[in-house]
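Spelled out from the first residue to the last, the chains are:
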Amino acid sequence: MSAPHTPAHPVLGALDSVSSALKDVSSVSPVFMESSAREVAMRGVVAARAQLDELELRLIACSADVAQTDAGRDVAAWQVAHNRRDRKAARADQRLAEALDRRYEVLRAGLADGTVHVDQAHVIARALDDLPAEVAIETRAKAETVLVGLAAQHTPSELRRLGKRILQALDLDDAEAALARRLEAEEASAFKKTSLSLRPDGDGTTRITAVLPDAVAHRLQTYLDAFTSPRRSERRGEGTYPQILGQAFCSLLERLDPAILPQHGGRATTVLVTISLESLRNDLGVGEVVGGEALSATEIRRLACTAGIAPVVLGGKGEVLDLGRERRLFSNAQNKAIAFRDKTCRAEGCDMPASMCETHHWREWSKGGRTDLNDGVSLCSHHHHRVHDPRYTADRLANGDVRFARRR
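Residues numbered from 1 in each chain as written. Predicted model: local features only at pLDDT ≥ 70, side-chain atom pairs only at ≥ 80, totals over all residues. Heavy atoms only, no water.

Along the backbone of the protein there are 17 helices and 11 strands. Expressed as a percentage of its 408 residues, the buried residues of the protein come to 31%. Across the protein, contacts joining residues at least 24 apart in sequence account for 50% of those joining residues at least 6 apart. Per element, the accessible surface of the protein, about 26100 Å² overall, is 55% carbon and sulfur. (Helix = DSSP H or I, 4+ residues; strand = E, 2+ residues; numbered from the N terminus. Buried < 20%, exposed > 50% of the residue type's maximum accessible area, 1.4 Å probe, protein only. Contact = heavy atoms within 4.5 Å. Areas by Shrake-Rupley, 256 points an atom, 1.4 Å probe, with all protein chains shown as cover.)

Next comes the structure, spelled out in structure tokens:
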């Protein structure tokens, strides 16, 4: 007589059923589904994934013994070794699993019924963990219920903002004071974590790595948006969005007025660039930032239009023939007048608003140009680079436009 069949554990049975059902539709193309049916399916997949995620988190919370079978440090390490999970993500999931198991039953239930997905759960658990220690248990429970309910209408980033103000949303008497204390602690911690490093890569670029307080990062983003958000989106810049932001950062620094910076070595903060008179006049000349790197004469001439640099022009024996002054830059009033006059970049066919442009000396300061309205012309960053690019010719037309042509 054969032994009776031992039924699989319900969890394993459920996984077998899910796997089998998905295999049945693995070769079915959804392209022939009606649009309304695909909408239902996409919502259903998200809900089902949330349910599977909840099951995985429930397993993680009670599987320390699994990790011990091969001397793993913890379940996250076992996940990395056996399921090829990303280490950072595996540890985050382990923390969430422990939080759901020990503290946040309402949140776990939201995952289990598919109304909260795991990205939202990470944010909600973090917001609840960050509540001040003096917040009562009843208030924490109410905050959890409210945030889980909000998940149906809000993205993780929106929930993150709502989580920071959840005590105010509950209309508690001391909510504002509690929020203020938490924000002050967060801001102090952010300031301590602030750092910036510059590492030259040796190929003409320097890699900048920074950790900034959110308020500073937001302000920087706002400033960069001023350079990247003209009326037409296709005119934002060249390349990928990170490249566009990098170009905007360069433009921001070039327009920074050194007069507003603290004094450096007893003098106003000024970048000095040395270049011989002969090199300055040659298309392929070379200069040097004092205490820094070499620059082409082309770049020096371009920077002299807008950036706060002082070009030190040297004679044949190295004597200083001319020390450029920042008064060679157009004043704010002049820039506004030129922008009002030009309306857009004056490169032929370019409609970048003049408010987003730089003012170029039509007759370069290195060739005796004057800083007056008639000598100024609005050029966007792209065309300002091209006007100093020896590969192109630039002719000013009778109507004030600038026509570019690639040299042959």
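Considering all chains together, one arrives at 17 salt bridges under this definition. For Asp129, the salt bridge identified is with Arg103, shortest N-O distance 3.3 Å. In this pair, Asp129 sits in helix H7 (residues 118–129) while Arg103 sits in the loop between helix H5 (87–102) and helix H6 (105–112), placing the two residues 26 residues apart along the sequence. Looking at Arg103, the relative accessible area reads 43%, which means it is partly exposed. A salt bridge links Arg346 to Asp401; the nearest nitrogen and oxygen atoms lie 3.0 Å apart. One end of the pair, Arg346, is in the loop between helix H16 (332–342) and strand S8 (358–361); the other, Asp401, is in the loop between strand S10 (392–396) and strand S11 (402–406), with 55 residues separating them in the sequence. (Salt bridge = Lys/Arg side-chain N within 4 Å of Asp/Glu carboxyl O.)

Another aspect to go through is the packing of H7 against helix H8 (residues 137–150). Viewed as axis vectors pointing N to C, H7 and H8 meet at an angle of 155 degrees, and their least axial separation amounts to 10 Å. It follows that H7 is roughly antiparallel to H8 by the angle criterion. Considering only the axes of H7 and H8, their crossing is right-handed. In this structure, H7 uses Ile124, Ala127 and Leu128 to contact H8, whose residues at the interface are Arg140, Ala143, Glu144, Leu147 and Val148. (Axes fitted to C-alpha atoms, helices over the stretch in contact; angles between N-to-C directions. Parallel < 35°, antiparallel > 145°, perpendicular 65-115°, else oblique. Left-handed = near helix turned anticlockwise from the far one by under 90°.)

Turning to the confidence of the model for the protein, a few remarks are in order. Looking at the protein, the pLDDT average stands at 80 and 73% of residues meet or exceed 70. For the protein, the element scoring lowest by mean pLDDT is strand S7 (residues 320–323), at 48; H6 scores highest, at 96. In the model, residues 264–269 has pLDDT below 50 throughout and makes seven contacts with residues more than four positions away in sequence or in other chains. (pLDDT = per-residue confidence, 0-100.)

With that settled, consider unusual backbone geometry. Even without a glycine there, the phi angle at Ala71 is positive, about 60 degrees. For Ala71, the location among the structural elements is in the loop between helix H3 (64–68) and helix H4 (75–83). Its identity as a non-glycine residue notwithstanding, Lys343 has a phi of 70 degrees, on the positive side. For Lys343, the position within the fold is in the loop between H16 and S8.

This part covers the pairing of S8. Here S8 shows two buried faces, one formed by Glu358 and His360 and the other by Thr359 and His361. In terms of strand pairing, S8 meets strand S9 (residues 376–379) through four bridges, oriented antiparallel. Across the sheet, Thr359 pairs through a bridge with Ser378, a residue of S9. (Pairing = 2+ DSSP bridges.)

This brings us to the layout of surface pockets. The space that makes up the second largest pocket amounts to roughly 1100 Å³. Lining of the second largest pocket is provided by 30 residues; of these, Arg126, Asp130, Lys164, Glu186 and Asp214 occupy positions nearest its centre. The element contributing the most residues to the lining of the second largest pocket is helix H11 (residues 175–193), with nine residues. Residues that form the lining of the second largest pocket fall into these classes: 14 nonpolar, three polar and 13 charged. (1 Å grid on protein atoms, 1.4 Å probe; cavity = no way out; pocket = protein on both sides within 12 Å on 5 of 7 lines; lining within 4 Å. Points joined across faces, edges and corners; volume = space filled by probe spheres on them. Nonpolar A, V, L, I, M, F, W, Y, C, P; charged D, E, K, R; others polar.)

This part is about the packing of helix H2 (residues 35–61) against H6. The interhelical angle for the contact between H2 and H6, taken along N-to-C directions, is 135 degrees, at an axis separation of 7 Å. With respect to H6, the axis of H2 lies oblique. Across the interface between the two elements, Ala50, Gln51, Glu54, Leu57 and Arg58 from H2 touch Arg108, Leu111 and Ala112 from H6. For the contact of H2 with H6, the per-class residue count stands at four nonpolar, one polar and three charged.

A few words now on the pairing of S11. Relative to S11, S10 runs antiparallel, the two sharing five bridges. Bridging from a neighbouring strand, Ala394 pairs with Phe404 of S11. Taking the residues between adjacent antiparallel strands as the criterion, S10 and S11 are bridged by five residues, where Gly400 takes a positive phi near 95 degrees.

In this section: the side chain of Glu358. Relative to the helices and strands, Glu358 is located in strand S8. With a relative accessible area of 5%, Glu358 lands in the buried category. Within the local environment of Glu358, its side chain forms a polar contact with the side chain of His384, the two groups lying 2.5 Å apart. (Polar contact = N/O pair within 3.5 Å; in protein donor to acceptor, adjacent residues only side chain to side chain.)

Taken as a whole, this structure holds zero aromatic pairs when the rule is applied. Its guanidinium or amino end placed over the ring of Phe340, Lys343 lies 4.3 Å from that ring's centre, counting from NZ or CZ. (Phe/Tyr/Trp six-rings, centres within 6.5 Å; stacked < 30°, edge-to-face > 60°. Lys NZ or Arg CZ within 6 Å of the ring centre and 35° of its normal.)

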